[in-house]
Amino acid sequence: MTDSQKSDETAGPSTTETSRPATPSPAALAARRPSPAAVGSRPGAAAQPVVAAPAAHSTPLEEAARFARVEEDGHVFLIVDGEESAVGQFPDASREEALAYFVRKYDDVASQLLLLEQRVQVKAPAADIHKTLKHLAQQVAERKMVGDIKALDARIEALETSLKEAEAAERAEAEAAKARELAAREAIVAEAEEIAAKDPATIQWKTSSNRMNELFDAWKTAQKNGPRLGRSTEDTLWKRFRSARTVFDRHRRAYFSQLDSENSSAKAAKEALIARAEELATSTDWGNTAAEYRQLMDEWKASKRASRKDDDALWARFRAAQDKFFAARQAANEVIDEEFAANLVVKEELLREAQALLPITDLNSARKALQSIRERWEDAGKVPRADMGRMEAGIRKVEEAVKAAEDEHWQRSNPETKARTNSALSQLEATIASLEQDLADAEKAGNAKKIADAREALEARQQWLAMLQKSAQDFA
């Protein structure tokens, strides 16, 4: 029921009415009021608790008669504390019908008060309740209804007290929500400023860009759904947030501009290496060209990387040029290896002949045999590349064994070494003879200490003599 409808209903029929108006019941009046759910579903309206409509209040006429006096002509008077006040007239009707008409007005207000009481209990917005309560209070004050008016006044007064408490709680909650919203907005701004202040050379742009977009979405959501912070506060925070995003975007553009420049430079340098590699791809100077490709590879590794997409494509071209050259070299080597296969058979037999000389028992014979094998080895020619290392290692082992035998023979037959050994033998034999005389003299004198010293020195010299004698036998 709209305010205008309520005003019209409160005024009641005039004394000049010629026909009886339709009298709506309290249930019908309640049905004409929009429900809280309907109000809450309107676009832009704050979500409100859904309160089921209470049963319509109905006052028995016997009880209502205690608060009214009805005259024969349909005039109805309200009695409050023994005082009468005119309510209105319901002509051309019985006293019961006239009384029932104004009781229904009372019941309608009582029903609306009951609904408001329930909305207060579920903490519906106090401002909306207060507006309706004020309108009901005005209706009750006009005394254009019949019923326990003092009870309605008491309920209205109680509701006003409850509403004041609810409004205070709502204000406190609004301030707390505002404080939480302010903290959340400041956190958004602070994080955006922190991201914007990072060194562009070290920042992870993809991650940071995604995070900055998330912060912007969070800002828009808070601005749309959160409590208002005040124009000045919101403007200040927005300017800081916008400034941080501007700095971040400027750094990002500068970084990627520089990166594009570096990528272009790196791409040009690698394209130059590719050009050189492609020029060498058809060369048949296998050794020198392979060395040049190794040099190109070192330069490639030392050069800066381009973008991943470009770098992969450039590397594919560079590698294709190398593969072309090395594939040609491999094919040429395979032809050569096929030609050298017969040489390998000859050298395999020569290697077995050389290995039969081991171990060396006759140095002169081994030396002559190895010389003959080496001459035939050189005449046999090259072997396939895959077998070169194995064959050379095998013949080298035999050569090293002959060389070791020659060195050992030289050491044994060296005249200077032999002369030094003979001289040492002579000196050692003379020393031993002197020590034997000293031992005899000590034994004759009975000097135990001198005997022990002489015997110890004599035994040591005799051991040396045995070693030198063995060496002399080797030389012989």
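Thresholds applied
- Residues numbered from 1 in each chain as written.
- Predicted model: local features only at pLDDT ≥ 70, side-chain atom pairs only at ≥ 80, totals over all residues.
- Heavy atoms only, no water.
- Phe/Tyr/Trp six-rings, centres within 6.5 Å; stacked < 30°, edge-to-face > 60°.
- Helix = DSSP H or I, 4+ residues; strand = E, 2+ residues; numbered from the N terminus.
- Buried < 20%, exposed > 50% of the residue type's maximum accessible area, 1.4 Å probe, protein only.
- Contact = heavy atoms within 4.5 Å.
- Salt bridge = Lys/Arg side-chain N within 4 Å of Asp/Glu carboxyl O.
- Expected span 1.5 Å × (residues − 1).
- Pairing = 2+ DSSP bridges.

Draft legend 1. Representation of the packing of aromatic side chains within the structure. One pass over the structure, following the stated rule, counts 18 aromatic pairs. Ring centres of Trp-300 and Trp-315 lie 5.7 Å apart, and the angle between their planes is 55 degrees; this geometry places the pair in the tilted category. Of this pair, Trp-300 sits in helix α10 (residues 286-302) while Trp-315 sits in helix α11 (residues 308-355); the two residues are 15 residues apart in sequence, bridging distant segments of the chain. Here the aromatic residues Trp-205, Phe-248, Tyr-255 and Phe-256 are joined through ring pairs into a cluster of three or more.

Draft legend 2. Local environment of the environment of Leu-182. In this structure, Leu-182 sits in helix α7 (residues 149-196). The class for Leu-182 is partly exposed, based on a relative accessible area of 28%. For the pair Leu-182 and Leu-229, spaced 47 residues apart in the sequence, the C-alpha separation amounts to 6.9 Å. Ignoring any residue separated from it by four or fewer positions in sequence, one finds Leu-182 in contact with Leu-229, Thr-233 and Leu-237.

Draft legend 3. Layout of the pattern of salt bridges. Applying the stated criterion to the full structure yields 29 salt bridges. Between Arg-69 and Glu-84 there is a salt bridge, and its shortest N-O distance comes to 2.9 Å. In this pair, Arg-69 sits in strand β1 (residues 68-70) while Glu-84 sits in strand β3 (residues 83-89), placing the two residues 15 residues apart along the sequence. Since its relative accessible area comes to 43%, Glu-84 is described here as partly exposed. We note a salt bridge from Glu-173 to Arg-180, for which the minimum N-O separation is 2.9 Å. Under the relative-accessibility criterion, Arg-180 is labelled partly exposed at 49%. Connected through shared salt-bridge partners, Glu-181, Arg-185, Arg-228 and Glu-234 make up one network.

Draft legend 4. Structural view of helix α9 (residues 231-280). For α9, which comprises 50 residues, the first-to-last C-alpha distance of 72 Å matches the rise-based estimate of 74 Å (1.5 Å per residue) to within 8%. Burial in α9 covers these residues: Glu-234, Leu-237, Phe-241, Ala-244, Phe-248, Asn-263, Ala-266, Lys-270, Leu-273, Ile-274, Ala-277 and Leu-280. Buried-residue contacts for α9 involve α7, α8 (205-225), α10 and α11.

Draft legend 5. Molecular detail of the pairing of strand β2 (residues 75-80). When β1 meets β2, the two strands line up antiparallel, connected through 3 bridges. If you follow Val-70 over to β2, its bridge partner there is Val-76. Between the antiparallel neighbours β1 and β2 lie 4 residues, among them Gly-74 with a positive phi of about 95 degrees. Here 6 bridges tie β2 to β3, and the two strands are oriented antiparallel to one another. Bridging across to β3, His-75 finds its partner in Gln-89. Hairpin connection between β2 and β3: a loop of 2 residues separates the two successive antiparallel strands, and Asp-81 in this loop has a positive phi of roughly 55 degrees.

Just geometry here; none of it tells us what the structure is for.
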